[in-house]
Amino acid sequence: MKKTIVILLSVLMLVSLFACGKVQDPVEAPEATVEPAAEPAQIEEPAAETEAPAAEPEATEAPEEEPVTFDEPVHVAALAGPTGMGLAYVMQDMRDRYQVELFTAPDQVTAKVINGEVDIAAVPINLASVLYAKTEGKISVIAINTLGVLYFVENGDTVHSISDLAGKTIYATGQGSTPEYILNYLLDANGLTDSVTVEYIADNAELIAKLADGSAEIALLPEPHVSVACAQNENVRVALNVNELWGEKNDTQLVQGVYIVRNDYLAEHKAQVDAFLTDAKASAEKVVSAEDAPAVIVAQGIIGKEPIARRAIPNCNIVLVTGEPMKLSISAMLKVLFDANPKSIGGAMPGDDFYYEADPS
């Protein structure tokens, strides 16, 4: 009997334990269903994979460029005045790369280029074309460095538009050269050829003196002589900007100064020529913006006095223009000069090989 009771109690305990195990199953089930919630995180992995290609161009966008080496300095010739002003910081800070020599007359540069004594030169636009003709295409123009530097100045206050020049006498320098041809072009384009008298003076110093003493009321002058005239007589002012007058009749810019290169040098030193364009551009930008630019220009012997340099810089239109914009503006300018006097550009318009297709960043 006792054994029977013991057996029954054992069976009852087993049944009780089995029932308790069944009650706990629903609690464990939710824990099992939580695990799939981690699966959505795996769905996001493809998105991370699709973002990876976007980062690839970053690695190829800015490859390290080989630095340009200069086995010896590039020999550069420049003229004192606006044509050479853009090189002021090249002359000051990059003497290990460029040996820049200043000259006071274009014919001095001509001889240096023809004789192969300089590699790159800053010259007036018409001289670039003349050298192209003289060397039978052995030089190329690589950049514009100076736009128009001519201004009508007046000792008085009567001229505010080009039509106001009618019936007046204009004193000018540069007879038989670019200033005369530009003046004649503007007068003709505005119907003033027969109503304006032009008298040419031997040099800018004499013309400035005539403005100062009042014997000349209106003059066509280049910078930095404009700044000298205004500094000497407070009644002398800039009346008309020739760049603006040119722009009213042309879709291109008035060009007065350029950089040229000997083609034999270019063939062997293209990297150095491109580096020069980049460095000259940086220098030009600094010349027109840096506070110390007038002092640097004077220290390099480009202009004689700092107050004149400071006053002249905004009117000298120092730039660095290359590529197609350079070609369009230069060819338009040369066409005006050719129509005025073919000999002024060497007798013929230069060919397409005159223009170097570079565009520094």
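Here, residues in each chain are numbered from 1, in the same order as that chain's written sequence. Whole-chain, interface and lining totals are the exception, using all residues; otherwise, since this is a predicted model, local features are given only for residues with pLDDT of at least 70 and side-chain atom pairs are given and counted only at 80 or more. Calculation of side-chain values draws on the structure's entire complement of heavy atoms; hydrogens and water are dropped beforehand.

K.L.:
I tried to follow the sheet that holds strand S8 (residues 218-222) on my own but got confused; where do I start?
P.N.:
In sheet architecture, strand pairing relies on hydrogen bonds along the backbone and comes in two forms, parallel and antiparallel. Note: two strands are recorded as paired if DSSP finds a minimum of 2 bridges between them. We count a stretch as a helix when DSSP gives it H or I for four or more residues in a row; a strand needs E for two or more, and each element gets its number in order from the N terminus. Here five strands make up an open sheet; going across it, the order is S7-S6-S8-S5-S9 and the pairing mixed. The open sheet has two free edges, formed respectively by strand S7 (197-200) and strand S9 (236-241), since each of these has just one partner strand. In this sheet, neighbouring strand axes are inclined to one another by 30° on average, regardless of whether the strands run parallel or antiparallel. What makes two residues a contact is simply this: any of their non-hydrogen atoms within 4.5 Å. Each axis is a line fitted through C-alpha atoms, taken for helices only over the stretch in contact, and angles between the N-to-C directions span 0 to 180 degrees. Running at roughly 15° to S9, helix H11 (residues 242-249) makes contact with strand S5 (150-155), S8 and S9 of the sheet.

K.L.:
Please clarify how the packing of aromatic side chains should be interpreted in this entry.
P.N.:
The description of two aromatic rings rests on the distance between their centres and on the angle between their planes. Geometry of aromatic contacts follows a simple scheme: Phe, Tyr and Trp rings, the Trp one being its six-membered ring, pair when their centres are within 6.5 Å, and the pair is stacked under 30 degrees between planes, edge-to-face over 60, tilted otherwise. Summed over the entire model, instances satisfying the criterion amount to six aromatic pairs. Consider the rings of phenylalanine 70 and tyrosine 98, whose centres lie 5.6 Å apart with planes at 80°: the pair is edge-to-face. Within this pair, whereas phenylalanine 70 is found in the loop between helix H3 (45-61) and strand S1 (74-79), its partner tyrosine 98 is found in strand S2 (residues 98-103), the two being separated by 28 residues in sequence. Here the two residues phenylalanine 70 and tyrosine 98 agree in accessibility, since each one is buried. Ring geometry for phenylalanine 354 versus tyrosine 355: centroids 5.1 Å apart, planes at 75°, classification edge-to-face. Take phenylalanine 354 and tyrosine 355: they sit in the same class, and that class is buried. Categorising residues by exposure relies on relative accessible area from a 1.4 Å probe, with only protein chains included: less than 20% of the type maximum marks a residue as buried, more than 50% marks it as exposed, and the intermediate range marks it as partly exposed.

K.L.:
Help me understand the sheet that holds strand S3 (residues 120-124), please; the structure alone is not making it clear to me.
P.N.:
Across the sheet, which stays open at both edges, the six strands sit in the order S2-S1-S3-S10-S4-S11 with mixed pairing between neighbours. Each of the sheet's edge strands pairs with one partner strand only, and the pair in question is S2 and strand S11 (318-321). Neighbour to neighbour, the strand axes of the sheet diverge by 25° on average, direction disregarded. Inspection of the sheet shows S1 paired to S2 by six bridges, in the parallel sense. Each residue of the ladder has a partner; that of alanine 78, found in S2, is leucine 102.

K.L.:
So what exactly am I meant to see when it comes to helix H7 (residues 125-134) here?
P.N.:
One turn of the α-helix equals 3.6 residues, which is why residues spaced by three or four share an orientation. Of all 10 residues that make up H7, eight are buried, and the element is covered over most of its length. Of the positions making up H7, those classed as buried are Ile125, Asn126, Leu127, Ala128, Ser129, Val130, Leu131 and Tyr132. In the core, the buried residues of H7 are packed alongside helix H6 (106-114), S3, strand S4 (139-147), helix H8 (178-189), strand S10 (255-262) and helix H16 (323-340). A positive phi of about 55° marks glutamate 136, the residue just after H7.

K.L.:
Got a minute to help me understand the nonpolar core in this structure?
P.N.:
General note: in soluble globular proteins, nonpolar side chains tend to be found buried as a group. Only buried residues count toward a nonpolar core. Its members are Ala, Val, Leu, Ile, Met, Phe, Trp, Tyr and Cys residues joined through side-chain atoms within 4.5 Å. With 53 residues, the main nonpolar core has Phe152, Leu165, Val258, Ile260, Ile330 and Phe354 as its most contacted residues. Ranked by size, the runner-up nonpolar core spans 41 residues in total, among them Ala78, Tyr98, Val261 and Tyr356.

K.L.:
Which parts of the structure should I look at to understand the pattern of salt bridges?
P.N.:
Any two side chains of opposite charge can pair, so long as their charged atoms come close to each other. Here, a salt bridge means any side-chain nitrogen of Lys or Arg that lies within 4 Å of a carboxyl oxygen of Asp or Glu. Going through the model one piece at a time under the given rule, you end up with 11 salt bridges. Note that lysine 112 is salt-bridged to glutamate 117, the shortest N-O span being 3.0 Å. Residue lysine 112 is classed as partly exposed on the basis of its relative accessible area of 21%. Accessibility expressed as a relative area gives 42% for glutamate 117, which makes it partly exposed. With its nearest N and O atoms 3.2 Å apart, the salt bridge here joins glutamate 291 to arginine 310. One end of the pair, glutamate 291, is in the loop between helix H13 (270-287) and helix H14 (293-299); the other, arginine 310, is in helix H15 (residues 306-312), and 19 residues separate them in sequence. Its relative accessible area of 39% is what places arginine 310 among the partly exposed residues. One network of salt bridges, in which partners are shared, links Asp119, Arg262 and Asp264.

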